[in-house]
Amino acid sequence: MKTIQYTFIGPIRQAITMANLPLKGALRDEDLEIIQEAGILLKNDKIHQIGSYWDIFPEAQSIGAEMVNLKTDFVAMPGIVDCHTHICFAGSRAQDYAMRNAGKSYLEIAKSGGGIWESVTQTRKASLEKLAQLTAQRANRHLKDGITTIEVKSGYGLSVEEELKMLRAIQLAGESTEGDLIATCLAAHIRPRDFEGNQREYLKKISDELFPILKSENLTNRVDAFIEDTAFSAEDIQNYFEKAKALGFDIVVHADQFHVGGSQVAMDFGAMSADHLEASTEKEIATLANSDTIPVALPGASLGLGVGFTPARKLLDAGASLAIGSDWNPGSAPMGDLLMQASVLGTFQKLSNLEVLAGITFRAAAALGLTDRGSLSSGQLADIILFPTADYREITYQQGRLKPSMVWKRGERV
Ligand SMILES: [Zn+2]
């Protein structure tokens, strides 16, 4: 029989619960629930109770909870969720970055051996174990920054065998980090150069041969595709997504990054999320607002490429949800600091503190189809982070410089 372990954390100067907030639409800071002098009672991996420290204290004491007494000021918030990363990769693309900043075009970089294909080459060379190790290292860096749930895409393998290697590496990496890794199959990243056939033939091979193995090995239940002029067209992807849906996979789309089109595909297939959207116009914004697909902004890609941000303000004002992911990848978003990126997005897009924090907590969890995390309330996973400050607004104000000094993942101190 499993023993019950209680832990009581407090008193916490401010606990921002992120509870009882709408999934969609603009949010005002006044709507944020802040519990002053809060206590959080954990029961194993879940939050058992949250409220006033002194209200819960007698119960915590009587059940013999382990007491975590905080002697200085802290702000507690739910563990951060990064709903979009590509952290399973080998190699660096520092050369691409330098060439891009020196004014070289996408095509010139690709011709000199850069671009996604360079990451594919490096990643294919790495063993499964090496990839797992690299992925776990990056996940652990994220975890230290308070990111307790991390989505990780494949997409640098681009053959049945190499995509399998990546997804098995992500699964293996999950054993070397206390963070939760949520794998996504992005075999539809680009058509690999060494595939003899067109876009649709490549996708057919992947869906015929890879999809059944993903199911039988339980490697992922999410299928993503890059809809873009340089990758796959809306027409190319129809059969692929139909097959994925028929097998029960959740759909995700890299949409409207440079050209519009992808977000409509996402909505047509009832995708969990449409990610990027830098090029979305009023039309896409309005339709996204009327759908259940969650828009995901990826400010790290804008900062890496030196292009404009996702129209986050317009999306929220139109009534859409908004999650914010890091897009951490070796090409366009090498920084991988989600809190910094989300804070800066807030500055440029005029987002309230609450909108920024919602985008990296419960709204990001919803983009992954997860309802057991993203807020501090009883029954939720005990994914809790504590910042050494007395005012929650310092978190975005310091633009990512302020890091949490304590992280709990599923009730365990990391
Ligand atoms: Zn991406």
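Preceding this paragraph is the structure being described.
The sections below set out a description of the structure shown in this document. (Residues numbered from 1 in each chain as written. Predicted model: local features only at pLDDT ≥ 70, side-chain atom pairs only at ≥ 80, totals over all residues. Heavy atoms only, no water.)

**Quick look at unusual backbone geometry**
Right, on to step 1. A cis amide bond links Gly10 with the next residue in sequence, Pro11, at an omega value of -5 degrees.
Right, on to step 2. Mapped onto the elements of the fold, Pro11 is located in strand β1 (residues 6-16).
Right, on to step 3. In this model, Asp327 sits at a positive phi of 55 degrees, which is unusual for a non-glycine residue.
Right, on to step 4. Of note, Asp327 is situated in the loop between β13 (323-324) and α13 (338-349).
Right, on to step 5. A residue is classified by how much of its surface remains accessible, and Asp327, at 2% relative accessible area, is buried.
Right, on to step 6. Positive phi, normally seen in glycine, also occurs at Arg410, with a value near 45 degrees. (Helix = DSSP H or I, 4+ residues; strand = E, 2+ residues; numbered from the N terminus. Buried < 20%, exposed > 50% of the residue type's maximum accessible area, 1.4 Å probe, protein only.)

**Some thoughts on the sheet that holds strand β12 (residues 294-297)**
Right, on to step 1. An order of β6-β7-β8-β9-β10-β11-β12-β13 is seen for the 8 strands of this open sheet, with the pairing classed as parallel. The open sheet terminates on both sides in strands that have one partner only, identified here as β6 (80-82) and β13.
Right, on to step 2. Looking at chain direction, strand β8 (residues 180-188) and strand β9 (residues 222-226) are connected through 2 bridges and run parallel. When the sheet's bridge partners are listed, Cys185 is paired in β9 with Val223.
Right, on to step 3. Running over the sheet, α13 touches β6, β7 (147-153), β12 and β13 and is turned about 90 degrees from β6. (Pairing = 2+ DSSP bridges. Contact = heavy atoms within 4.5 Å. Axes fitted to C-alpha atoms, helices over the stretch in contact; angles between N-to-C directions.)

**Describing the coordination of the zinc ion**
Reference values for coordination geometry: four tetrahedral donors around a metal ideally subtend 109.5 degrees, six octahedral donors ideally subtend 90 or 180 degrees.
Right, on to step 1. Surrounding the zinc ion are the protein donor atoms His84 (NE2), His86 (NE2), His254 (NE2) and Asp327 (OD), at 2.1 to 2.5 Å.
Right, on to step 2. In this structure, the zinc ion is coordinated by 4 donor atoms arranged in irregular fashion, with angles at the metal of 82 to 169 degrees.
Right, on to step 3. When the donor residues of the zinc ion are listed from N- to C-terminus, their spacing reads H-x1-H-x167-H-x72-D. In this pair, His86 sits in the loop between β6 and α2 (94-101) while Asp327 sits in the loop between β13 and α13, placing the two residues 241 residues apart along the sequence.
Right, on to step 4. By relative accessible area, His86 is classed as buried at 3%. (Donors = N, O, S within 2.8 Å, 3.2 Å for Na, K, Ca; no water. Tetrahedral: all angles 85-135°; square planar, octahedral: opposite > 155°, others 65-115°.)

**Notes on the pattern of salt bridges**
Right, on to step 1. Per the counting criterion, the structure on display carries 25 salt bridges.
Right, on to step 2. The partner of Arg28 in a salt bridge is Asp31, with the nearest N and O atoms 3.0 Å apart. (Salt bridge = Lys/Arg side-chain N within 4 Å of Asp/Glu carboxyl O.)

**Here we look at the packing of aromatic side chains**
Right, on to step 1. Counted under the stated rule, the structure contains 12 aromatic pairs.
Right, on to step 2. Here the aromatic rings of Tyr53 and Trp54 are separated by 4.8 Å at their centres, their planes lie at 90 degrees, and the arrangement is edge-to-face.
Right, on to step 3. For Tyr53, a relative accessible area of 3% puts it in the buried group.
Right, on to step 4. Measuring from ring centre to ring centre gives 5.2 Å for Phe211 and Phe249, while their planes differ by 50 degrees; the resulting arrangement is tilted. You can see Phe211 sitting in helix α7 (residues 199-216) and its partner Phe249 sitting in the loop between α8 (234-246) and β10 (250-255), a full 38 residues away along the chain. Just as Phe211 is buried, Phe249 falls in that class too.
Right, on to step 5. By the ring-pair criterion, three or more aromatic residues cluster together here, those being Phe211, Tyr240, Phe241, Phe249 and Phe269.
Right, on to step 6. Taking NZ or CZ as reference, Arg138 lies 3.5 Å from the ring centre of Phe89, over its face.
Right, on to step 7. Between Lys215 and the ring centre of Phe249, over which it is positioned, the NZ or CZ distance is 4.4 Å. (Phe/Tyr/Trp six-rings, centres within 6.5 Å; stacked < 30°, edge-to-face > 60°. Lys NZ or Arg CZ within 6 Å of the ring centre and 35° of its normal.)

**Points about the packing of α7 against α8**
Packed helix pairs are specified by the crossing angle of their axes together with the interaxial distance, meaning the distance between the axes.
Right, on to step 1. In the contact formed by α7 and α8, the axes pass within 9 Å of each other and the chain directions differ by 10 degrees. Comparing the axis directions of α7 and α8 gives the class roughly parallel. Each of Gln199, Arg200, Leu203, Lys204, Ile206, Ser207, Asp208 and Phe211 in α7 lies in contact with α8, whose residues at this interface are Glu235, Asp236, Ile237, Tyr240, Lys243 and Ala244.
Right, on to step 2. In terms of residue class, the contact of α7 with α8 is built from 6 nonpolar, 2 polar and 6 charged. (Parallel < 35°, antiparallel > 145°, perpendicular 65-115°, else oblique. Nonpolar A, V, L, I, M, F, W, Y, C, P; charged D, E, K, R; others polar.)

**A look at the packing of helix α5 (residues 128-144) against helix α6 (residues 160-173)**
Right, on to step 1. The contact between α5 and α6 brings their axes to 8 Å, and the two run at 50 degrees. By the criterion of interaxial angle, the relationship of α5 to α6 is oblique. For the crossing formed where α5 meets α6, the hand is right-handed. From α5, Leu128, Glu129, Leu131, Ala132, Thr135 and Ala136 reach across to α6, where they touch Lys165, Met166, Arg168, Ala169, Leu172 and Ala173.
Right, on to step 2. Here the contact of α5 with α6 is composed, by residue class, of 8 nonpolar, 1 polar and 3 charged. (Left-handed = near helix turned anticlockwise from the far one by under 90°.)

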